[in-house]
Amino acid sequence: MELGKEDLKQAVLWESGEDKKVRCKLCNWRCSIDDGKLGRCCVRRNMDGTLYSLNYDKVCSANPDPIEKKPLFHFQPGSQSFSIATMGCNFRCEFCQNWQISQAALEDGRIDGQAMRPEKIVEAAVRYDCKSIAYTYTEPTIFMELCNDCGRLAKERGLTNVFVSNGYMTREAIDFAGEWLNGINVDLKAFSEDYYTRLCKARLQPVLDTISYIASQTDIWLEVTTLLVPGENDSADELKKLADFIVTKAGPDVPWHISRFHPQYKYLDSAATPVSSLERAYDVGKAAGLHYVYFGNVPGAQSESTFCYKCGRMLIERVGYRIVANHIKDSCCPDCGTQIAGFEL
Ligand code: SF4
(Lines give C-alpha, C1' and ligand atoms only; values in the text may rest on other atoms or scores of the structure.)
Protein backbone atom coordinates (compact mmCIF):
# COMPACT_ATOMS: atom_id res chain seq x y z
CA MET A 1 0.00 0.00 0.00
CA GLU A 2 1.37 3.43 -0.94
CA LEU A 3 2.00 5.59 2.14
CA GLY A 4 0.67 9.14 2.32
CA LYS A 5 2.63 12.20 3.41
CA GLU A 6 1.13 12.01 6.89
CA ASP A 7 2.78 8.59 7.39
CA LEU A 8 6.23 9.68 6.31
CA LYS A 9 9.16 11.50 7.86
CA GLN A 10 10.08 14.77 6.22
CA ALA A 11 13.64 14.63 4.90
CA VAL A 12 16.53 16.73 6.14
CA LEU A 13 18.94 18.77 4.02
CA TRP A 14 17.07 19.71 0.88
CA GLU A 15 15.88 22.93 -0.75
CA SER A 16 12.89 23.93 -2.85
CA GLY A 17 13.19 24.86 -6.51
CA GLU A 18 10.82 26.01 -9.24
CA ASP A 19 7.71 24.05 -10.21
CA LYS A 20 7.74 22.03 -6.98
CA LYS A 21 11.16 20.59 -7.75
CA VAL A 22 13.44 19.89 -4.79
CA ARG A 23 17.21 19.48 -4.56
CA CYS A 24 18.52 16.95 -2.06
CA LYS A 25 21.79 17.93 -0.37
CA LEU A 26 22.55 14.73 1.52
CA CYS A 27 24.92 13.07 -0.89
CA ASN A 28 27.04 14.19 -3.80
CA TRP A 29 24.51 13.20 -6.43
CA ARG A 30 22.64 16.32 -5.27
CA CYS A 31 19.55 15.02 -7.07
CA SER A 32 17.11 17.51 -8.53
CA ILE A 33 13.79 15.70 -8.06
CA ASP A 34 10.53 16.50 -9.85
CA ASP A 35 7.24 16.41 -7.97
CA GLY A 36 6.16 12.79 -7.46
CA LYS A 37 9.59 11.37 -8.34
CA LEU A 38 12.29 9.54 -6.41
CA GLY A 39 15.93 10.45 -5.89
CA ARG A 40 18.65 8.24 -7.31
CA CYS A 41 18.74 6.17 -4.08
CA CYS A 42 15.01 5.37 -4.53
CA VAL A 43 14.27 5.96 -0.83
CA ARG A 44 13.51 9.70 -0.94
CA ARG A 45 10.46 11.03 -2.73
CA ASN A 46 9.32 14.54 -3.66
CA MET A 47 5.65 14.76 -2.70
CA ASP A 48 4.01 18.02 -3.65
CA GLY A 49 7.24 19.99 -3.37
CA THR A 50 8.42 18.47 -0.08
CA LEU A 51 11.08 15.76 0.21
CA TYR A 52 10.25 12.73 2.36
CA SER A 53 12.27 9.77 3.62
CA LEU A 54 10.62 6.47 2.66
CA ASN A 55 12.79 4.28 4.90
CA TYR A 56 12.60 6.06 8.26
CA ASP A 57 10.25 3.51 9.78
CA LYS A 58 11.76 0.53 7.97
CA VAL A 59 14.63 -0.91 9.98
CA CYS A 60 15.77 -4.10 8.23
CA SER A 61 18.71 -5.06 10.50
CA ALA A 62 19.22 -4.46 14.21
CA ASN A 63 21.67 -6.44 16.30
CA PRO A 64 24.79 -6.05 18.45
CA ASP A 65 28.15 -6.57 16.74
CA PRO A 66 31.74 -6.23 17.86
CA ILE A 67 32.96 -2.75 16.88
CA GLU A 68 35.87 -4.57 15.20
CA LYS A 69 33.40 -5.94 12.63
CA LYS A 70 32.65 -2.47 11.20
CA PRO A 71 35.76 -2.42 11.00
CA LEU A 72 36.85 0.16 13.58
CA PHE A 73 40.01 -1.05 15.34
CA HIS A 74 41.00 2.13 17.19
CA PHE A 75 37.56 3.07 18.51
CA GLN A 76 36.43 1.70 21.88
CA PRO A 77 38.17 -1.63 21.12
CA GLY A 78 36.49 -4.75 22.44
CA SER A 79 33.10 -3.07 22.78
CA GLN A 80 29.77 -4.01 21.24
CA SER A 81 28.02 -1.68 18.81
CA PHE A 82 24.28 -1.88 18.22
CA SER A 83 24.12 -2.03 14.43
CA ILE A 84 21.16 -0.90 12.39
CA ALA A 85 20.31 -0.48 8.71
CA THR A 86 17.46 0.34 6.40
CA MET A 87 17.15 -0.65 2.75
CA GLY A 88 18.58 1.42 -0.08
CA CYS A 89 21.87 2.82 -1.33
CA ASN A 90 23.26 5.60 -3.49
CA PHE A 91 25.88 3.27 -5.09
CA ARG A 92 25.38 0.18 -7.27
CA CYS A 93 28.48 -1.85 -6.55
CA GLU A 94 28.58 -5.05 -8.58
CA PHE A 95 30.23 -6.95 -5.70
CA CYS A 96 28.12 -5.57 -2.83
CA GLN A 97 28.10 -8.08 0.03
CA ASN A 98 24.80 -6.73 1.37
CA TRP A 99 23.09 -6.43 -2.00
CA GLN A 100 19.87 -8.09 -0.77
CA ILE A 101 19.17 -5.03 1.39
CA SER A 102 21.16 -2.32 -0.39
CA GLN A 103 19.89 -2.86 -3.93
CA ALA A 104 16.26 -4.00 -3.48
CA ALA A 105 14.83 -0.48 -3.63
CA LEU A 106 16.82 0.21 -6.81
CA GLU A 107 16.01 -3.11 -8.48
CA ASP A 108 12.34 -3.60 -7.68
CA GLY A 109 11.22 -0.75 -5.45
CA ARG A 110 11.18 -2.85 -2.28
CA ILE A 111 11.75 -1.08 1.05
CA ASP A 112 11.12 -3.76 3.68
CA GLY A 113 11.62 -3.35 7.40
CA GLN A 114 9.95 -2.76 10.72
CA ALA A 115 9.06 0.43 12.51
CA MET A 116 11.56 0.79 15.34
CA ARG A 117 11.42 4.14 17.07
CA PRO A 118 14.75 5.81 17.93
CA GLU A 119 13.92 5.44 21.66
CA LYS A 120 13.58 1.67 21.20
CA ILE A 121 16.84 1.43 19.27
CA VAL A 122 18.73 3.29 21.99
CA GLU A 123 17.05 1.19 24.71
CA ALA A 124 18.05 -1.99 22.88
CA ALA A 125 21.64 -0.74 22.62
CA VAL A 126 21.75 -0.13 26.37
CA ARG A 127 20.11 -3.50 27.10
CA TYR A 128 22.75 -5.31 25.01
CA ASP A 129 25.48 -3.43 26.87
CA CYS A 130 26.66 -1.67 23.70
CA LYS A 131 28.87 1.40 23.91
CA SER A 132 27.81 2.74 20.53
CA ILE A 133 25.24 2.63 17.77
CA ALA A 134 26.54 1.79 14.31
CA TYR A 135 24.68 2.88 11.19
CA THR A 136 25.96 0.25 8.81
CA TYR A 137 25.34 -2.62 6.32
CA THR A 138 23.80 -0.10 3.88
CA GLU A 139 24.79 3.52 3.34
CA PRO A 140 23.75 5.60 6.40
CA THR A 141 23.59 8.84 4.44
CA ILE A 142 20.38 7.68 2.82
CA PHE A 143 18.70 7.08 6.20
CA MET A 144 20.09 10.21 7.81
CA GLU A 145 16.76 11.16 9.43
CA LEU A 146 16.77 7.98 11.53
CA CYS A 147 20.50 8.35 12.25
CA ASN A 148 19.94 11.91 13.42
CA ASP A 149 17.05 11.10 15.77
CA CYS A 150 18.84 8.05 17.15
CA GLY A 151 22.22 9.73 17.32
CA ARG A 152 20.97 12.61 19.42
CA LEU A 153 19.20 10.29 21.88
CA ALA A 154 22.20 7.97 22.05
CA LYS A 155 24.47 10.90 22.86
CA GLU A 156 22.14 11.93 25.71
CA ARG A 157 22.40 8.39 27.10
CA GLY A 158 26.22 8.44 26.98
CA LEU A 159 26.55 6.24 23.89
CA THR A 160 28.68 7.06 20.87
CA ASN A 161 27.64 6.89 17.21
CA VAL A 162 29.55 5.51 14.23
CA PHE A 163 28.98 5.34 10.47
CA VAL A 164 30.21 2.78 7.98
CA SER A 165 30.00 4.77 4.79
CA ASN A 166 30.90 4.87 1.10
CA GLY A 167 32.01 8.47 1.67
CA TYR A 168 29.58 10.07 -0.79
CA MET A 169 28.00 12.40 1.73
CA THR A 170 28.15 16.15 1.18
CA ARG A 171 29.97 18.52 3.50
CA GLU A 172 26.58 19.74 4.64
CA ALA A 173 25.69 16.18 5.66
CA ILE A 174 29.00 15.69 7.50
CA ASP A 175 28.51 18.95 9.40
CA PHE A 176 24.90 17.99 10.15
CA ALA A 177 25.95 14.60 11.57
CA GLY A 178 29.01 16.04 13.26
CA GLU A 179 26.95 17.11 16.28
CA TRP A 180 26.60 13.48 17.37
CA LEU A 181 28.85 11.37 15.10
CA ASN A 182 32.03 10.15 16.83
CA GLY A 183 33.58 7.68 14.41
CA ILE A 184 33.42 6.63 10.78
CA ASN A 185 34.90 4.00 8.51
CA VAL A 186 34.96 5.24 4.92
CA ASP A 187 35.33 2.86 1.99
CA LEU A 188 37.98 4.06 -0.42
CA LYS A 189 37.25 1.44 -3.02
CA ALA A 190 39.96 2.31 -5.53
CA PHE A 191 41.98 5.22 -6.81
CA SER A 192 40.57 5.45 -10.32
CA GLU A 193 37.49 7.15 -11.71
CA ASP A 194 37.15 4.24 -14.13
CA TYR A 195 36.71 1.76 -11.25
CA TYR A 196 34.10 3.89 -9.51
CA THR A 197 32.20 4.55 -12.74
CA ARG A 198 32.28 1.01 -14.09
CA LEU A 199 31.82 -1.06 -10.94
CA CYS A 200 29.97 1.26 -8.52
CA LYS A 201 28.13 3.67 -10.84
CA ALA A 202 29.62 6.49 -8.81
CA ARG A 203 32.61 8.87 -8.80
CA LEU A 204 35.92 8.84 -6.93
CA GLN A 205 36.54 12.54 -6.29
CA PRO A 206 33.68 13.13 -3.80
CA VAL A 207 34.99 10.22 -1.71
CA LEU A 208 38.48 11.72 -1.65
CA ASP A 209 36.97 15.08 -0.66
CA THR A 210 35.02 13.44 2.18
CA ILE A 211 38.11 11.73 3.61
CA SER A 212 40.15 14.94 3.44
CA TYR A 213 37.37 16.98 4.99
CA ILE A 214 36.68 14.61 7.88
CA ALA A 215 40.39 14.31 8.66
CA SER A 216 41.16 18.02 8.53
CA GLN A 217 37.96 19.77 9.60
CA THR A 218 36.18 17.54 12.12
CA ASP A 219 36.81 15.64 15.36
CA ILE A 220 35.27 12.45 13.97
CA TRP A 221 37.58 9.44 14.37
CA LEU A 222 38.37 8.11 10.87
CA GLU A 223 39.41 4.72 9.53
CA VAL A 224 39.55 3.72 5.84
CA THR A 225 38.79 0.39 4.15
CA THR A 226 39.75 -0.83 0.68
CA LEU A 227 38.38 -4.09 -0.70
CA LEU A 228 41.08 -5.53 -2.94
CA VAL A 229 39.46 -6.97 -6.07
CA PRO A 230 41.89 -9.08 -8.14
CA GLY A 231 42.92 -7.36 -11.36
CA GLU A 232 40.78 -4.28 -10.65
CA ASN A 233 42.48 -2.22 -7.95
CA ASP A 234 45.46 -4.23 -6.72
CA SER A 235 48.27 -3.07 -9.04
CA ALA A 236 51.42 -1.74 -7.37
CA ASP A 237 50.76 1.70 -8.82
CA GLU A 238 47.19 1.91 -7.54
CA LEU A 239 48.08 0.61 -4.07
CA LYS A 240 50.77 3.27 -3.80
CA LYS A 241 48.32 6.00 -4.84
CA LEU A 242 45.82 4.80 -2.23
CA ALA A 243 48.39 4.67 0.56
CA ASP A 244 50.00 7.99 -0.39
CA PHE A 245 46.61 9.68 -0.44
CA ILE A 246 45.71 8.42 3.04
CA VAL A 247 49.09 9.46 4.48
CA THR A 248 49.10 12.94 2.96
CA LYS A 249 45.41 13.88 3.17
CA ALA A 250 44.24 11.99 6.25
CA GLY A 251 47.50 11.41 8.12
CA PRO A 252 49.68 8.44 9.11
CA ASP A 253 47.57 7.65 12.20
CA VAL A 254 44.47 6.79 10.13
CA PRO A 255 44.15 2.98 10.10
CA TRP A 256 43.92 1.40 6.64
CA HIS A 257 41.97 -1.88 6.39
CA ILE A 258 42.78 -3.87 3.27
CA SER A 259 40.06 -6.38 2.89
CA ARG A 260 39.83 -9.69 1.07
CA PHE A 261 37.26 -9.91 -1.73
CA HIS A 262 35.00 -12.92 -2.24
CA PRO A 263 32.75 -13.25 -5.32
CA GLN A 264 29.36 -11.65 -4.66
CA TYR A 265 26.17 -10.44 -6.33
CA LYS A 266 26.93 -9.67 -10.02
CA TYR A 267 30.68 -10.01 -9.75
CA LEU A 268 31.07 -13.77 -9.71
CA ASP A 269 33.74 -14.59 -12.28
CA SER A 270 36.73 -13.67 -10.18
CA ALA A 271 38.58 -15.71 -7.56
CA ALA A 272 38.93 -14.48 -3.99
CA THR A 273 41.82 -12.08 -3.39
CA PRO A 274 45.06 -14.03 -2.91
CA VAL A 275 46.57 -13.41 0.52
CA SER A 276 49.80 -12.48 -1.30
CA SER A 277 48.00 -9.40 -2.73
CA LEU A 278 47.00 -8.31 0.77
CA GLU A 279 50.59 -8.79 1.92
CA ARG A 280 51.80 -6.62 -0.94
CA ALA A 281 49.27 -3.92 -0.04
CA TYR A 282 50.33 -4.13 3.60
CA ASP A 283 53.97 -3.53 2.63
CA VAL A 284 53.01 -0.63 0.37
CA GLY A 285 50.97 0.97 3.17
CA LYS A 286 53.77 0.67 5.70
CA ALA A 287 56.39 1.92 3.19
CA ALA A 288 54.18 4.96 2.51
CA GLY A 289 54.31 5.80 6.22
CA LEU A 290 50.98 4.54 7.54
CA HIS A 291 51.25 3.56 11.19
CA TYR A 292 48.43 1.01 11.20
CA VAL A 293 47.58 -1.34 8.32
CA TYR A 294 45.22 -4.27 8.84
CA PHE A 295 43.99 -7.30 6.94
CA GLY A 296 40.24 -7.81 6.68
CA ASN A 297 38.38 -11.08 5.99
CA VAL A 298 41.46 -13.19 6.76
CA PRO A 299 40.69 -14.63 10.21
CA GLY A 300 43.78 -15.60 12.17
CA ALA A 301 46.20 -13.38 10.24
CA GLN A 302 48.75 -11.59 12.39
CA SER A 303 47.93 -8.37 10.56
CA GLU A 304 44.59 -8.23 12.41
CA SER A 305 46.46 -7.15 15.56
CA THR A 306 47.68 -3.69 16.53
CA PHE A 307 51.42 -3.13 16.94
CA CYS A 308 53.31 -0.10 18.18
CA TYR A 309 54.62 1.54 15.04
CA LYS A 310 57.78 2.69 16.86
CA CYS A 311 59.00 -0.35 18.81
CA GLY A 312 56.88 -3.15 17.29
CA ARG A 313 55.31 -4.31 20.59
CA MET A 314 51.97 -6.10 20.10
CA LEU A 315 49.37 -3.83 21.69
CA ILE A 316 45.96 -5.28 20.83
CA GLU A 317 45.89 -8.97 20.00
CA ARG A 318 42.91 -9.96 17.82
CA VAL A 319 41.63 -13.26 16.53
CA GLY A 320 38.91 -12.46 14.06
CA TYR A 321 36.68 -9.90 15.75
CA ARG A 322 37.66 -11.08 19.24
CA ILE A 323 40.18 -9.22 21.36
CA VAL A 324 42.49 -11.58 23.23
CA ALA A 325 44.52 -8.88 25.01
CA ASN A 326 44.79 -5.09 25.08
CA HIS A 327 48.08 -3.85 26.51
CA ILE A 328 47.63 -0.15 25.74
CA LYS A 329 48.07 2.01 28.86
CA ASP A 330 46.64 5.52 28.90
CA SER A 331 46.56 5.49 25.08
CA CYS A 332 50.30 4.71 24.96
CA CYS A 333 52.57 1.76 24.25
CA PRO A 334 53.56 0.33 27.67
CA ASP A 335 57.13 -0.35 26.47
CA CYS A 336 58.23 2.82 24.68
CA GLY A 337 55.49 5.31 25.65
CA THR A 338 54.50 6.14 22.05
CA GLN A 339 51.02 7.66 21.81
CA ILE A 340 48.59 5.35 19.99
CA ALA A 341 45.91 7.25 18.09
CA GLY A 342 42.25 6.37 18.59
CA PHE A 343 39.07 6.93 20.57
CA GLU A 344 38.89 5.50 24.12
CA LEU A 345 41.61 2.92 23.60
S1 SF4 B 1 20.51 10.91 -0.79
FE2 SF4 B 1 21.73 11.23 -2.65
S3 SF4 B 1 20.86 9.81 -4.15
FE4 SF4 B 1 19.33 10.04 -2.49
S5 SF4 B 1 18.00 11.71 -3.20
FE6 SF4 B 1 19.59 12.63 -1.92
S7 SF4 B 1 21.19 13.29 -3.37
FE8 SF4 B 1 19.89 11.80 -4.45
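Structural data are supplied above this passage.
Attention here is on the structure that accompanies the text.

Each packed pair of helices is defined by two parameters, the angle between the axes and the distance between the axes. At a minimum axis separation of 9 Å, helix α3 (residues 118-127) and helix α4 (residues 144-156) run at an interaxial angle of 50°. It follows from the interaxial angle that α3 and α4 lie oblique. Pair α3 / α4 crosses with right-handed handedness. Listed contacts from α4 to Pro-118, Glu-119, Ile-121 and Val-122 of α3 are Leu-146, Asp-149, Cys-150, Leu-153 and Ala-154. Grouping the amino acids of the contact of α3 with α4 by side-chain chemistry returns seven nonpolar, no polar and two charged.

Pairs can form between side chains of opposite charge once their charged atoms are near each other. Following the criterion strictly, the structure yields 20 salt bridges and no others. Note that Lys-70 and Asp-65 form a salt bridge whose closest N and O atoms lie 2.9 Å from each other. The burial state of Lys-70 is the same as that of Asp-65; both residues are buried. Arg-152 is paired through a salt bridge with Glu-179; the nearest N and O atoms lie 3.2 Å apart. Separated by 27 residues along the polypeptide, Arg-152 in helix α4 and Glu-179 in the loop between α5 (171-177) and β11 (183-187) bring together distant segments of the chain. Arg-152 gets classed as partly exposed once you look at its relative accessible area, which sits at 34%.

Attention shifts here to the sheet that holds strand β1 (residues 9-10). Read from one edge to the other, the open sheet built from three strands follows the order β1-β6-β5, with strand pairing classed as antiparallel. In this open sheet, the two strands that pair with only one neighbour each are β1 and β5 (44-47). Inspection of the sheet shows β5 paired to strand β6 (residues 50-53) by four bridges, in the antiparallel sense. By the bridge assignment for β6, Asn-46 is matched with Leu-51.

Turning next to the packing of aromatic side chains. Following the criterion strictly, the structure yields 17 aromatic pairs and no others. Between Phe-95 and Tyr-267, the aromatic rings sit 6.2 Å apart at their centres with planes inclined by 80°, giving edge-to-face as the arrangement. Here Phe-95 is found in the loop between β8 (80-86) and α1 (99-102), whereas its partner Tyr-267 is found in the loop between β13 (256-260) and α9 (275-288), with 172 residues between them in sequence. Relative accessible area serves as the criterion here: at 6%, Phe-95 is assigned to the buried category. Seen in terms of ring centroids, Tyr-135 and Trp-180 are 6.3 Å apart; in terms of plane orientation they differ by 65°. Their pairing is edge-to-face. Remark: Trp-180 occurs in the loop between α5 and β11 and Tyr-135 occurs in strand β9 (residues 132-135); sequence separation between them is 45 residues. Taking NZ or CZ as reference, Arg-40 lies 3.8 Å from the ring centre of Trp-29, over its face. For the cation-ring pair, Arg-318 lies above Phe-73, with the distance from its terminal atom to the ring centre recorded as 4.0 Å.

It is worth spelling out the sheet that holds β9 at this point. Pairing in this open sheet of eight strands is mixed, and the strands run β7-β8-β9-β10-β11-β12-β13-β14 from one edge to the other. Of all the strands in the sheet, just β7 (59-66) and β14 (293-296) have a single pairing partner and so form its edges. Strand-to-strand twist across the sheet, computed as the mean angle between neighbouring axes with direction ignored, equals 20°. With five bridges joining them, strand β12 (residues 221-228) and β13 adopt parallel strand pairing. Its bridge partner lying in β13, Thr-226 is registered against Ile-258.

Turning next to the site of the ligand. Within the structure, the ligand sits among Cys-24, Leu-26, Cys-27, Trp-29, Arg-30, Cys-31, Ile-33, Gly-39, Arg-40, Cys-41, Arg-44 and Ile-142. Cavity membership is defined here by more than half of the atoms lying within 2 Å of grid points; on that basis the ligand lies in the largest cavity. For the shell around the ligand, a count of residues per class yields eight nonpolar, one polar and three charged.

Let us now look at the side chain of Ser-165. The topology assignment puts Ser-165 in strand β10 (residues 160-165). For Ser-165, a relative accessible area of 3% puts it in the buried group. At 2.9 Å, the side chain of Ser-165 forms a polar contact with the backbone nitrogen of Gly-167. Every residue in contact with Ser-165, bar those within four places of it in the chain, is listed here: Glu-139, Pro-140, Thr-141, Ile-184, Asn-185, Val-186 and Asp-187.

Criteria and thresholds
- Residues numbered from 1 in each chain as written.
- Predicted model: local features only at pLDDT ≥ 70, side-chain atom pairs only at ≥ 80, totals over all residues.
- Heavy atoms only, no water.
- Axes fitted to C-alpha atoms, helices over the stretch in contact; angles between N-to-C directions.
- Helix = DSSP H or I, 4+ residues; strand = E, 2+ residues; numbered from the N terminus.
- Parallel < 35°, antiparallel > 145°, perpendicular 65-115°, else oblique.
- Left-handed = near helix turned anticlockwise from the far one by under 90°.
- Contact = heavy atoms within 4.5 Å.
- Nonpolar A, V, L, I, M, F, W, Y, C, P; charged D, E, K, R; others polar.
- Salt bridge = Lys/Arg side-chain N within 4 Å of Asp/Glu carboxyl O.
- Buried < 20%, exposed > 50% of the residue type's maximum accessible area, 1.4 Å probe, protein only.
- Pairing = 2+ DSSP bridges.
- Phe/Tyr/Trp six-rings, centres within 6.5 Å; stacked < 30°, edge-to-face > 60°.
- Lys NZ or Arg CZ within 6 Å of the ring centre and 35° of its normal.
- Near = heavy atom within 4 Å.
- 1 Å grid on protein atoms, 1.4 Å probe; cavity = no way out; pocket = protein on both sides within 12 Å on 5 of 7 lines; lining within 4 Å.
- Sits in = over half its atoms within 2 Å of the grid points.
- Polar contact = N/O pair within 3.5 Å; in protein donor to acceptor, adjacent residues only side chain to side chain.

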